[in-house]
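# Geometric and topological summary
This is what each chain is made of:
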Amino acid sequence: MSITSSLNAGISGLRANATRLSTISDNIANSATYGYRRAQTSFHSMVIGSGLANQGAYSAGGVRTSTLRLADQGGALIGTQNATDIAVNGRGFLPVTSELGAQLHDGTAPLFLTTTGSFRQDANGYMRNPSGMVLMGWPAAENGTVPPNVRDNTSALRPIQVAMNQQASFPTSRINMAVNLPASETLSGAVGDPSFLSVAYFDTVGLPGTLDVTFQPSGAANTWNMSIADQSSGAIVGEYELVFDNSPSSGGTLSSVSALGGSGSYDPATGSVDLTVGVQQINLQIGRLGEAGGLTQRGSTFSPAGVTQDGFGAGNLIGLTIDASGNLDAIYDQGFRRTLFRVPLVDVPNPNGLTSANDQSFQVSRESGQFFLWDAGDGPVGEFVGFALQESATDVAEELTNLIQTQRAYSSNAKVIQTVDEMFQETNNIKR
C-alpha cells in the first residue's frame, strides 16, 4: 500500500509542477503586456492516513494545486504621448465593454473591467483600445455637468462615443466688470464727460455680440448713471445709478447701486446684476459695496482693463483628455474645453475573485462580490492618470527563479516514480 501511494504521490507531484509551469509560462509570455496581472499556483498537501492509529503505516496523499490571478497587484506606471492612455493610480478598474456591447446604448452593455488602456477614437468615434474594448462612462449634460447616477448597476453607463467633426460653443453667462471711473468728472464744475465701453459676449448659438456700456456723470458728487445696450438689437438691457463712497476707509468703492426702469435689481450679497440679453441670461459682476475688485471711482483716468467674460464662440474639436477625477474633456480650437463623460472607477470587495477574460479584462463573479461605481479619488479607489499606461505585473527575474525550482521539483518527482518502478521490479523478481 505504501509503495503504491508513493507512486500516486509522485504522479500528483508531476501534475502539480506542470500546473505551476503553466502559470510561470503565462507570466513570462505576458511580461510586456500592459495591465497584465500575474497568475500564481499554490500547493496544498493531501493527507490520506497516518499517525499512531496505524502504528507506523503511512500512505502518501500527494499534493494538489490551486491557481489564482492576482488582480489586486499591478505593475508600475509609465508615461506615454497619448492623452487618452489611461492608468489607475491605486485601487479600482476601468469599466469597458465588448465590441458588440458598444452597439447597446440602453444601459444593457455587458460590463468588463480592465486596469489600463490605450484608448483612441475609431472610425465611428468610439473610444476603443487595441484589443477592441470600448471605454464606458456617464454622459455629461450640455453645460458639462454630470448628473447623479446609480452606483450599483450599469444602467446609466454608456459606451463613450465622440464625433470627431463636432463643433461646440460656450455662451456667455458671466461678465466681470473691474473698471475704474475718473472721480474728477463728478467734481463740482467739471465738464462731466461720459465714458464708453464695449464688452464682447457670445450668444446661445456661438455668435459674437457686443454690449455698449455708457457711464454718464449724473451731476451729483460721486454719482454715475450706467446704461447697458445690446448693439445687435439696440435695446437697453440695464440702467443703474452708481454712488461711490468718499470716506477715508472705503473711498472709491461702491456705496449704493439702484436699478432704473425695468432693469434687474442689484444683489449686494454677490455684487452682481442679472441682464436679459435676448433669450440669454448674463450675470454682470460689478462688485460688492465697500469692496475693491469691481467698479471703482478714483483719480482722473478711465481704466477698462479689468473686463472679462466666460463665453467662447463655436470651436472645432482638436483633442480629448482625461483628468484625475475621470472627466473626459473635449478640447476645442477656440481655447475652451467641455466635459463630455465622466468615467467611474469600479471596485469589488475581493478583486482576486474576479473571473479572468481575454485581453487583460475581468468580469464580476460570486467570489468577487458586488461591484460599486466610485468617483475617482473617493472611497477606497485611486485616481486616473492620463498620458500613462500600467506595465505588466510580471517580475521576470522572480519567474525565472520559480522556473528553476519547478524544474528541480518536477525532476525529483520523476525520480520518485522511477524509484518506485525499480522497487516493483525487485518485488516481482522475489516472487519468481
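Further up the page is the structure itself.
### Regarding the overall build of the protein chain
Helix and strand counts for the protein chain stand at two helices and 32 strands. Taken along the three principal axes of its C-alpha coordinates, the protein chain extends 140 × 50 × 35 Å. Burial analysis of the protein chain (432 residues in total) assigns 43% to the buried set. The long-range fraction of contacts in the protein chain, counting pairs at least 24 apart against all pairs at least 6 apart in sequence, stands at 62%. Considering the protein chain, the positive charge centre built from 22 side chains and the negative charge centre built from 36 side chains are found 19 Å apart.

### Digging into the packing of aromatic side chains
Under the counting rule described, the total for this entry stands at five aromatic pairs. With centroids separated by 5.0 Å and ring planes inclined at 25°, the aromatic side chains of Phe312 and Phe336 adopt a geometry described as stacked. On the criterion of sequence distance, the pair formed by Phe312 in strand β24 (residues 312–322) and Phe336 in the loop between β25 (327–332) and β26 (337–342) is long-range, its members being 24 residues apart. Feature note: the residues Phe312, Tyr332 and Phe336 constitute an aromatic cluster, connected by ring pairs.

### So, the sheet that holds strand β31 (residues 383–386)
Adjacent strands of a sheet form backbone hydrogen bonds with each other and so pair up, either parallel or antiparallel. Taken in spatial order, the three strands of this open sheet run β7-β4-β31, and their pairing is antiparallel. Two strands lie at the open edges of the sheet, namely β7 (116–118) and β31, each paired on one side alone. Within this sheet the neighbouring strands show an average axis-to-axis angle of 25°, counted without direction. Where strand β4 (residues 85–89) and β31 come together, four bridges link them in antiparallel fashion. The partner of Ala87 across the bridge, within β31, is Val385.

### Here we look at the nonpolar core
Within the largest apolar cluster, 27 residues are counted, with the highest numbers of intra-cluster contacts made by Met177, Phe215, Met226, Leu242 and Leu295. Those elements that provide at least two residues to this core are β13 (174–181), β14 (195–202), β15 (208–217), β16 (223–230), β17 (236–244), β18 (254–259), β20 (272–277) and β21 (280–285). With near-sequence residues (within four places) excluded, Leu242 lies in contact with Phe215, Asn222, Thr223, Trp224, Met226, Leu254, Ser256, Val257 and Leu295. In terms of nonpolar packing, the next biggest core, distinct from the first, is built from 26 residues, Phe112, Leu317, Ile322 and Val343 among them.

### So, the sheet that holds β14
Strand order in the open sheet made by the five strands is β14-β15-β16-β17-β18, with antiparallel pairing throughout. The sheet is open, and its two edges are formed by β14 and β18, each paired on a single side. Averaged over all neighbouring strand pairs, the angle between strand axes comes to 25°, with direction disregarded. Pairing geometry for β14 and β15, over eight bridges, is antiparallel.

### Digging into the side chain of Asn17
Mapping Asn17 onto the fold places it in helix α1 (residues 2–29). If we ignore the near neighbours within four places in the chain, the residues touching Asn17 are Phe43, Thr406, Ala409, Tyr410 and Asn413.

### Considering the pattern of salt bridges
In the structure shown here, the tally under the stated rule is nine salt bridges. The salt bridge involving Arg69 is made with Asp26; its shortest N-O contact spans 3.7 Å. Here Arg69, found in strand β2 (residues 63–69), pairs with Asp26, found in helix α1; they are 43 residues apart in sequence, far enough to count as distant. A salt bridge links Asp347 to Arg91; its shortest N-O distance comes to 2.6 Å. Of the two residues, Asp347 is situated in strand β27 (residues 345–347) and Arg91 in the loop between β4 and β5 (94–97); the sequence distance between them amounts to 256 residues. On the basis of relative accessibility, which here comes to 34%, the residue Arg91 falls in the partly exposed class.

### Considerations on unusual backbone geometry
Positive phi outside glycine occurs at Asn222, with the angle close to 60°. Following the sequence through the fold, Asn222 ends up in the loop between β15 and β16. Under the relative-accessibility criterion, Asn222 is labelled buried at 16%. The residue Gln360 is not glycine, and still its phi comes out positive at about 55°. Checked against the element boundaries, Gln360 lands in the loop between β28 (355–357) and β29 (361–363).

What counts and what doesn't
- Residues numbered from 1 in each chain as written.
- Predicted model: local features only at pLDDT ≥ 70, side-chain atom pairs only at ≥ 80, totals over all residues.
- Heavy atoms only, no water.
- Helix = DSSP H or I, 4+ residues; strand = E, 2+ residues; numbered from the N terminus.
- Buried < 20%, exposed > 50% of the residue type's maximum accessible area, 1.4 Å probe, protein only.
- Contact = heavy atoms within 4.5 Å.
- Lys, Arg positive; Asp, Glu negative; His and termini not counted.
- Charge placed at Lys NZ, Arg CZ, Asp CG, Glu CD.
- Phe/Tyr/Trp six-rings, centres within 6.5 Å; stacked < 30°, edge-to-face > 60°.
- Pairing = 2+ DSSP bridges.
- Axes fitted to C-alpha atoms, helices over the stretch in contact; angles between N-to-C directions.
- Core = buried A, V, L, I, M, F, W, Y, C linked by side-chain atoms within 4.5 Å.
- Salt bridge = Lys/Arg side-chain N within 4 Å of Asp/Glu carboxyl O.

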